[in-house]
Protein chains: 6
Amino acid sequence: MDVVSFGESMVVLSPESSGPLRYVNRFSKSLGGAESNLIIALARLGLSVGWFSKVGDDEFGRYIVNSIRAEGVDVSRVTFEKDLSTGLLFKENYQHANPNVYYYRKNSAASTFGAEDIDEEYIKQAKVLHITGITPALSPKASEAVFAAVKIAKANGVLVSFDPNLRLKLWNIKEARQQILELARYADIIMPGIDEAELLLGIKDIDKVADYFSSQGSTIVAIKLGPKGCYLRHQSEELFVPGYSVANVIDTVGAGDGFAAGLLAGILRNESLERSGKYANGVGAMATLVPGDSEGYPYLEQLLEFIGEKQGIER
Amino acid sequence: MDVVSFGESMVVLSPESSGPLRYVNRFSKSLGGAESNLIIALARLGLSVGWFSKVGDDEFGRYIVNSIRAEGVDVSRVTFEKDLSTGLLFKENYQHANPNVYYYRKNSAASTFGAEDIDEEYIKQAKVLHITGITPALSPKASEAVFAAVKIAKANGVLVSFDPNLRLKLWNIKEARQQILELARYADIIMPGIDEAELLLGIKDIDKVADYFSSQGSTIVAIKLGPKGCYLRHQSEELFVPGYSVANVIDTVGAGDGFAAGLLAGILRNESLERSGKYANGVGAMATLVPGDSEGYPYLEQLLEFIGEKQGIER
Amino acid sequence: MDVVSFGESMVVLSPESSGPLRYVNRFSKSLGGAESNLIIALARLGLSVGWFSKVGDDEFGRYIVNSIRAEGVDVSRVTFEKDLSTGLLFKENYQHANPNVYYYRKNSAASTFGAEDIDEEYIKQAKVLHITGITPALSPKASEAVFAAVKIAKANGVLVSFDPNLRLKLWNIKEARQQILELARYADIIMPGIDEAELLLGIKDIDKVADYFSSQGSTIVAIKLGPKGCYLRHQSEELFVPGYSVANVIDTVGAGDGFAAGLLAGILRNESLERSGKYANGVGAMATLVPGDSEGYPYLEQLLEFIGEKQGIER
Amino acid sequence: MDVVSFGESMVVLSPESSGPLRYVNRFSKSLGGAESNLIIALARLGLSVGWFSKVGDDEFGRYIVNSIRAEGVDVSRVTFEKDLSTGLLFKENYQHANPNVYYYRKNSAASTFGAEDIDEEYIKQAKVLHITGITPALSPKASEAVFAAVKIAKANGVLVSFDPNLRLKLWNIKEARQQILELARYADIIMPGIDEAELLLGIKDIDKVADYFSSQGSTIVAIKLGPKGCYLRHQSEELFVPGYSVANVIDTVGAGDGFAAGLLAGILRNESLERSGKYANGVGAMATLVPGDSEGYPYLEQLLEFIGEKQGIER
Amino acid sequence: MDVVSFGESMVVLSPESSGPLRYVNRFSKSLGGAESNLIIALARLGLSVGWFSKVGDDEFGRYIVNSIRAEGVDVSRVTFEKDLSTGLLFKENYQHANPNVYYYRKNSAASTFGAEDIDEEYIKQAKVLHITGITPALSPKASEAVFAAVKIAKANGVLVSFDPNLRLKLWNIKEARQQILELARYADIIMPGIDEAELLLGIKDIDKVADYFSSQGSTIVAIKLGPKGCYLRHQSEELFVPGYSVANVIDTVGAGDGFAAGLLAGILRNESLERSGKYANGVGAMATLVPGDSEGYPYLEQLLEFIGEKQGIER
Amino acid sequence: MDVVSFGESMVVLSPESSGPLRYVNRFSKSLGGAESNLIIALARLGLSVGWFSKVGDDEFGRYIVNSIRAEGVDVSRVTFEKDLSTGLLFKENYQHANPNVYYYRKNSAASTFGAEDIDEEYIKQAKVLHITGITPALSPKASEAVFAAVKIAKANGVLVSFDPNLRLKLWNIKEARQQILELARYADIIMPGIDEAELLLGIKDIDKVADYFSSQGSTIVAIKLGPKGCYLRHQSEELFVPGYSVANVIDTVGAGDGFAAGLLAGILRNESLERSGKYANGVGAMATLVPGDSEGYPYLEQLLEFIGEKQGIER
């Protein structure tokens, strides 16, 4: 398997109209979760992938697993937990300073996923293990699971890919900094956003951010610069890859996960660093064109067309 | 004020189509909660009423409070709790043995309502305090609050009205039996369903059920017999009041709360026991004609028309 | 009570899609009415407020009253009129020169509200009576009611706040000018739009407009300048308060009423003239961010955050 | 032209959910009106037909005219009236004693249709003029128009078809009785419902009802007996035609108009009295299978299939 | 793998309201196809299954494949065909003699699936190959493919399960009879409906129908008797298994495929003939409780609960 | 009759949300087709018009014919074809390089319309026959029909109006060029887009494009320049007419057909060339303001108001 990942996926309930939720009459259901987003994006790009977690043994848990499996993702390691619920997330489209998200994920099934729930063999057989900084924020158990997983990967020559995904709604900056920087030491590939990096390191300078993560052991450092594109460093090679301009951004949720997927896809397909950066920028940009977290991720053919490099590809 | 009550109200998310929720794309939002249902029904019948509880300091909490206030209910004692969530309830319309309800109410704001949160003066100024057997099942704190409230009522000559509302999803029969029967001792008016009574007392016979609750101190015992109607006992008077047949039952949720409201309205308007029973049966039947928990409760005029006793009423 | 107001509220039927109404299949229901908009905005800002009018004794009348009461507004003086209908307003979203509104309000319950329907005591107990130039345009009876109300206010030391709200769909400029300027003589606070002022006075110059209304007796003159902000004059003090720029204006309906509410809230909270102007501009701007007339009005806390002056506020 | 008719058509706004309208969020738009219903049903059965009336010069008026024209009905005599509105009708699906309809049709364009608005030549060129007892109830002017129309018809050998359509919401029984019975004297074909007949004549007996209308000059008397079918009398011939049983009645509105259309279609196609009765019963029954007033009327081929007499028909 | 099957799956477009499609404004999308229905039902019952076919290389093809994969079905042998379209089916909910279905499946990708497209190894590795009488009706190529597939199965000891699924919309009875009876000779398990059997064989008697198919070589003959249940024969054993009564049938589409799945699941789990019949009747009945073709199929646990035989099952 | 036209109209199914169709749950139905668009636009501008074609003898065929007739278009020559289907078109709103349309129109009823299906008299009685370059692309039969029609027109002094409407999805440029340029020789009025002209002629220069078509015999050449406006040449007169700037373009489909309608309306009303160009630009611009192909076309009064030339017009 090319890539495996784990973390919490939730049912997303999106309002049918904008404004305060008290006046919204209807909500539609979709799928959310940083790790499953990335894995779905990779599946669409033709990689062989797996995702694992815990969900409630209920209709919402089944919905999550079915939706991820629909995309061609291996979900054979997911477990359904009796008496635990599946996490929910309500979105509120309120166009001013405070766009809100309402979580119903405390004590969810996924937050009880611990080190003992990991199937070591499943990680060992993969080329890459991808983790995010969201999982350690869910619970101490979940944090242990992440550290256990990266240790299994490192011990078995599986590359560790890490997206810090700093979420200050889930923990405070101090805790976040400590654990995320600790995890970064295990990362072969790390892809922080530049704002995230500043919050974590207190460094604004792109080069110095890259220096820091290189010094911690990451072979590939990809710094996300939003619509501007990204900075990439691989050993002595470094370059800036400009982003794709998009006229109508509809929904930026899932863009960062799409970026990470594009980068991993490039790397795993042995593309050049620049081309991998183009993949990353391209998937990220395309994700913003469609509502929903993962619905906008392209098939490889569509990605190549978008970035203007379509060529003979067999699917 | 005629009647005050307290307990948890929740946002109800109803599926737009029947079948397993994993295939349902949209949900609509409405209001639920046994105590607020009863209070709304009473307001519509022209009584002066108040409801109190805790809700999350969020859009769903505001929705609940606004919706109840819209009906003319005093909500001045409700508090908004930072960092606590407002309870949710997903309905699933699946027409076989196991119709499901999915709760997201664990550790909700309402479940933290304790004895210390009660405004004694608010209870004292009412003629009736209405409680249900749902609140003590929410948490030990909530249970203490119920007992504290009935003691305040008893100590101040406020009548206690009690609907056992046995919910085996929230606690087991043993715990339920102990607390509900304990609460029954404080009840001046008690209105168990006949099936509930059997589960609680192990008695099937209507007369004996009434004997039991009379012996515990209830002056008025109303035993709900579903569509058949009800049995009523007030001191030495006892009678059976036949129910109203309804061709198209659309939604039975809220019928029991409507029954209780009809009964209290009759009693507080000094109607005869029989007429109070007709009010109870009438509101209960009308509740089933409309989707939603409380939307079907009638105005007094509509109730009188439904039960065929319309007369000069000024509103 | 801080502020009372009266006038017609209507059921608004908004099309689910843009274009000529003959091709629109669905409409959604909401609440509209300049005076109830302002009163709702004030309630949300923490003031104690009341609204009165007549509505039909029908479901739409109940909807209007419930919706306004939901927001914490006193509606105890509203009456339900048998045999009179509740006004309707259909919106048409047609993006060229002629956006249309279709009224079904002729001979509505509200248009029959007359001087004899006013509860004098209700006006006397308020600090401010707010009126608009829409009510006198509804019918001669309604016009008499407005004049009667302002006279009661003036005779009892209640401040009169007046938003001209010139609606040339309801009457011609000649009639409008005569009555609005007559009403302006009673206004302690007046808040015309600059375009309105030009139509009424034939004056374009802001200073001269302010001079005119000052000369008529208004202590506070607030001239609305749209997104640019407002000009305020209070006795010898005068200043321009710049507006807040908003990226995505969704619906401007209700912005003017929000402005008026912000201004009154500032004044009644004894804020400085400038800060009152910021409140006014802020509520007006926030109203445009959300569809619906009143759904976008902020709570005080949200307003302060929006205008960048959040501070310790207890709710 | 085979048949012409005139009367008020309205925009029907139907709730998306059942229960009191104050809780209904959305409405869908469709077409209603007894005369246009009948004319549409006839068009679908292959007859050449025309309908005339006044509508507002607005989007709703255009909607009505377009919708009727869509069905192949001649609408060349309809006029669009500036400054008059098009009538509306809100339905409320409330399943108990009092299903409600809310009209917004007072002073509508159609209610101002008077005798002077009739195009005499248009009536003269038709075989049948169909009128209902709704039109005279709209206004004195409309009443005059109906009497003028039937006189034109009688003077020119055009058959008058009359459906009493007693609507006690629009006038009282005394007025209704006087005008309807007066109109009946002009009717060549009359099709009262048995309940209507009882209210108008105080007679319950079918034979005696038929005797009455025969004595007044009607050559064909068709008494509607609901799902049971109909009684028909043509000169000395009389017979009972049993109705078609329908498992799931969805919407009975429009069934009576469909019955009338079926009867006229049979007569105009020179079918036997019995077969005409089958057409009438068949169209009436099929109308109840589909929501909406006219959507369920069949094409001739579908009608024949429904009544089990399909045969070679070319369309 | 336990069972593999192949055949056409289509996008189903269901009207949001009943009545003739010309008046329907909206359609919702779901999945249809007899073979994929059965395979999904089997997956839900815990069997290991695969489905193959051709779909268009378009969004609708991807939708079909994703939806089937979501349920845990192996779709590795499905191919996406450039320049061929994916079949569509519009439903019309018109409650009288002629409920209609409108196909857009002529020359669809699936109809070009031929013998050369079969992966022999895929059939060989399965315990059961399930086919229906729909596929041979699609095109001569598709017919050849079915015969080729059953021959591969027979030659390799794979059981052939056959549901005749007579569809007279796709071919005439003469052609259908010839091919279906020919295919029946290859069937180890055959499950005709009693009406189907009569049309194919001209025999009404259940025993004689069973005799016929037994004589053609089927070891297990299951005759569907609708809500009444089924008749089963396995070698010398024969029995009648009564159906489950269902109060509210919502949608019978998919019930027959569910029956077949229940039967196969029983057989493959080595249940007794009677218990297999209960599974069949149970899945069939449960399918009717939910709108959509496959949404109502139960998980094994739910089936056992429905048929009243819940026992320790680990999922 | 002023103008007649013929060609394929289709049912358009538009997604309720943007993004890949596999994730879209609902579609709404509307009408599409270049020729019927133009004819509807002309009807709305007050001209007398007719449209003919073949549709399936099914609900979608009836929908198309009813929808076009609703607009006041003569549809008496349309035929309903048994066993042939009505064309469908699914739209996909995917905002990047490849916006997709999915056709289900192969072998549709309309594609079988041949020369023998033309009613010569119908063309002869018209002032103008309008054709597009879409019809010859549908099938060889359809192509023959177009050539037959223009020959009838030319032989009878009926003006031929031709919109090339190059659709490279339906045929390749070589075939298209040959037939379109051949048809151009018959055109009295031709209105190519400038991009189309370049593809067909290999010429970019506006003057030279006009020279070419003039040399082929067109008296009026109108070259569409998109939002910029148009270039018009009539014999020796030539001029550029600037377009109308539109803030919010919602849907450009139907703009070109609207342009053609505006031009023809100007010419047939004997307006000057410039004013005809304004009509053309105006209708084209207004079409973009409303979703749907034809819903945005204005009535004459609305057009005049839009282009700022309203004057006394009686309708």
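Not measured: the values here are computed from a predicted model.

### Digging into the overall build of chain A
Of the regular secondary structure elements, chain A holds eleven helices and 14 strands. For 315 residues, the compact-globule estimate of 2.2 N^0.38 gives 20 Å, and chain A sits close to it at 18 Å. Principal-axis analysis of the C-alpha atoms gives chain A an extent of 50 × 45 × 45 Å. Counting across all 315 residues of chain A, residues that qualify as buried make up 63%. Within chain A, contacts between residues separated by at least 24 positions form 69% of all contacts whose residues are at least 6 apart in sequence. For chain A, the centre of its 32 positive side-chain charges and the centre of its 40 negative side-chain charges are spaced 3 Å apart.

### Points about the side chain of E:Ser14
Within the secondary structure, E:Ser14 sits in strand β2 (residues 10–15). You can call E:Ser14 buried: its relative accessible area is 17%.

### Brief notes about the pairing of strand β3 (residues 26–32) of chain F
For β3(F), the buried fraction is high: six of the seven residues fall into the buried class. Here three bridges tie strand β3 (residues 26–32) of chain E to β3(F), and the two strands are oriented antiparallel to one another. Opposite E:Ser28, over in β3(F), you have F:Arg26 as the bridge partner. Across six bridges, strand β2 (residues 10–15) of chain F lies against β3(F) in antiparallel orientation. Paired with F:Leu13 across the strands is F:Lys29, a residue of β3(F).

### Brief notes about the interface of chain E and chain F
In this complex, chain E contributes 27 residues to the contact, which on the side of chain F involves 27 residues. Where chain E abuts chain F, roughly 2,200 Å² becomes buried across the two surfaces, and 58% of that area is made up of carbon and sulfur atoms. When the buried area of chain E at its contact with chain F is split by residue, E:Arg22, E:Glu59 and E:Tyr104 rank highest and sum to 32% of it. Our enumeration of links across chain E and chain F arrives at two salt bridges. Taking the shortest distance from any N to any O, the salt bridge between F:Glu59 and E:Arg22 comes out at 2.8 Å. On inspection of chain E and its partner chain F, the count reaches 15 residue pairs in polar contact (both at pLDDT 80 or more). At the level of elements, β3, α2 (59–70), β7 (88–92) and β8 (100–104) of chain E are the ones that each hand at least two residues to the side of chain E that touches chain F. Counting residues per element, the side of chain E that touches chain F draws most heavily on α2(E), which supplies five residues. Grouping the amino acids of the side of chain E that touches chain F by side-chain chemistry returns twelve nonpolar, six polar and nine charged.

### Concerning the relation of the copies chain F and chain A
When chain F is fitted to chain A, the residual RMSD is 0.0 Å, and the transformation amounts to a turn of 120 degrees plus an axial shift of 0.1 Å. Taken together, the rotation and translation relating the two chain copies correspond to the operation of a three-fold axis. It is F:Glu16 whose C-alpha, among those of chain F, lies nearest the rotation axis, at 6.6 Å.

### Some details on the packing of helix α5 (residues 140–155) of chain B against helix α6 (residues 173–184) of chain B
Residue and element names in this part refer to chain B. Two elements in contact, α5 and α6, have axes separated by 11 Å at closest approach and are oriented at 15 degrees. By the angle between their axes, α5 is roughly parallel relative to α6. Regarding α5 and α6, the two cross each other, and that crossing is left-handed. Contacts between α5 and α6 pair Ser143, Val146, Phe147 and Val150 from the former with Gln179, Glu182 and Leu183 from the latter. Each residue belonging to the contact of α5 with α6 can be placed in one class, and the counts come to four nonpolar, two polar and one charged.

### Section: unusual backbone geometry
Of note in the backbone geometry, C:Asn270 takes a positive phi value of approximately 60 degrees without being a glycine. Position of C:Asn270 relative to the elements: it lies in the loop between α9 (255–268) and α10 (273–287). Residue C:Asn270 is classed as exposed on the basis of its relative accessible area, which comes to 69%. Residue F:Asn107 is not a glycine yet carries a positive backbone phi of 60 degrees. Within the secondary structure, F:Asn107 is located in the loop between β8 (100–104) and α3 (120–124).

### Structural notes on the relation of the copies chain E and chain F
Aligned on chain F, chain E shows an RMSD of 0.1 Å; the corresponding rotation is 179 degrees and the shift along the axis is 0.1 Å. Interpreted geometrically, this transformation is the action of a two-fold axis. Across chain E, the rotation axis passes nearest the C-alpha of E:Phe27, at a separation of 2.7 Å. An overlap of 100% is found between the interface residues of chain E and their copies at the interface of chain F, pointing to a shared contact surface.

### Looking at the sheet that holds strand β8 (residues 100–104) of chain D
Read across the sheet, eight strands follow the order β8(C)-β7(C)-β2(C)-β3(C)-β3(D)-β2(D)-β7(D)-β8(D) without closing on themselves; strand pairing throughout is mixed. In the strand order of this sheet, the two ends are held by β8 (100–104) of chain C together with β8 of chain D, each with one partner. Averaged over all neighbouring strand pairs, the angle between strand axes comes to 30 degrees, with direction disregarded. Across the sheet, helix α2 (residues 59–70) of chain D touches β3 (26–32), β7 (88–92) and β8 of chain C together with β2 (10–15), β3 (26–32) and β7 (88–92) of chain D, and the angle it forms with β3(D) is around 55 degrees.

### Brief notes about the sheet that holds β8(F)
Within the open sheet, the eight strands sit side by side as β8(E)-β7(E)-β2(E)-β3(E)-β3(F)-β2(F)-β7(F)-β8(F). Their pairing is mixed. Each edge of the open sheet is held by one strand with a lone partner, namely β8 of chain E together with β8 of chain F. The sheet shows a mean angle of 30 degrees between the axes of neighbouring strands, taken without regard to direction.

### Quick look at the interface of chain F and chain A
Taken residue by residue, the interface counts ten residues in chain F and 14 residues in chain A. Carbon and sulfur atoms make up 50% of the surface buried where chain F meets chain A, a total of about 1,000 Å² over both sides. Counted by class, the side of chain F that touches chain A contains four nonpolar, five polar and one charged residues.

### Things to note about the pattern of salt bridges
Residue and element names in this part refer to chain B. Taken as a whole, this structure holds 126 salt bridges over all chains when the rule is applied. Glu8 is the partner of Arg105 in a salt bridge, and the nearest nitrogen-oxygen pair spans 3.0 Å. Placement of the pair is Arg105 in the loop between β8 (100–104) and α3 (120–124) and Glu8 in the loop between β1 (3–6) and β2 (10–15), with a sequence separation of 97 residues. The two residues Arg105 and Glu8 agree in class, both being buried.

### Remarks on the packing of helix α9 (residues 255–268) of chain A against helix α10 (residues 273–287) of chain A
Residues and elements named next belong to chain A. It is at 7 Å that the axes of α9 and α10 come closest, and there the two elements cross at 150 degrees. One element, α9, and the other, α10, form an angle in the roughly antiparallel class. Here the hand of the crossing between α9 and α10 comes out right-handed. In this structure, α9 uses Ala255, Gly258, Phe259, Gly262, Leu263, Ala265, Gly266 and Ile267 to contact α10, whose residues at the interface are Ser276, Gly277, Tyr279, Ala280, Asn281, Val283, Gly284 and Ala287. Here the contact of α9 with α10 is composed, by residue class, of nine nonpolar, seven polar and no charged.

### Some points on the pairing of strand β4 (residues 49–52) of chain A
All names here are of chain A. Side-chain alternation along β4 places Val49 and Trp51 on one buried face and Gly50 and Phe52 on a second face that is also buried. The sheet contact formed by strand β1 (residues 3–6) and β4 spans four bridges and is parallel. Looking across to β4, one finds that Val3 is bridged to Val49.

### Things to note about the packing of aromatic side chains
One pass over the structure, following the stated rule, counts 75 aromatic pairs over all chains. When the centroid spacing of 5.9 Å and the interplanar angle of 45 degrees are considered together, the rings of A:Phe52 and A:Phe113 count as tilted. In this pair, A:Phe52 sits in strand β4 while A:Phe113 sits in the loop between β8 (100–104) and α3 (120–124), placing the two residues 61 residues apart along the sequence. An identical accessibility class is assigned to A:Phe52 and A:Phe113; each is buried. An aromatic cluster of three or more residues is present, and its members are A:Phe27, A:Phe60, A:Phe90, A:Tyr102, A:Tyr104, B:Phe27, B:Phe60, B:Phe90, B:Tyr102 and B:Tyr104. In this structure, A:Arg105 packs its charged tip against the face of A:Tyr103, placed 4.7 Å from the ring centre.

About the cut-offs
Residues numbered from 1 in each chain as written. Chains lettered and ligands numbered in written order. Predicted model: local features only at pLDDT ≥ 70, side-chain atom pairs only at ≥ 80, totals over all residues. Heavy atoms only, no water. Helix = DSSP H or I, 4+ residues; strand = E, 2+ residues; numbered from the N terminus. Rg over C-alpha atoms; globule rule 2.2 N^0.38 Å. Buried < 20%, exposed > 50% of the residue type's maximum accessible area, 1.4 Å probe, protein only. Contact = heavy atoms within 4.5 Å. Lys, Arg positive; Asp, Glu negative; His and termini not counted. Charge placed at Lys NZ, Arg CZ, Asp CG, Glu CD. Pairing = 2+ DSSP bridges. Buried area = accessible area lost by both parts, 1.4 Å probe. Salt bridge = Lys/Arg side-chain N within 4 Å of Asp/Glu carboxyl O. Polar contact = N/O pair within 3.5 Å; in protein donor to acceptor, adjacent residues only side chain to side chain. Nonpolar A, V, L, I, M, F, W, Y, C, P; charged D, E, K, R; others polar. Least-squares fit on C-alpha atoms with pLDDT ≥ 70 in both. Axes fitted to C-alpha atoms, helices over the stretch in contact; angles between N-to-C directions. Parallel < 35°, antiparallel > 145°, perpendicular 65-115°, else oblique. Left-handed = near helix turned anticlockwise from the far one by under 90°. Phe/Tyr/Trp six-rings, centres within 6.5 Å; stacked < 30°, edge-to-face > 60°. Lys NZ or Arg CZ within 6 Å of the ring centre and 35° of its normal.

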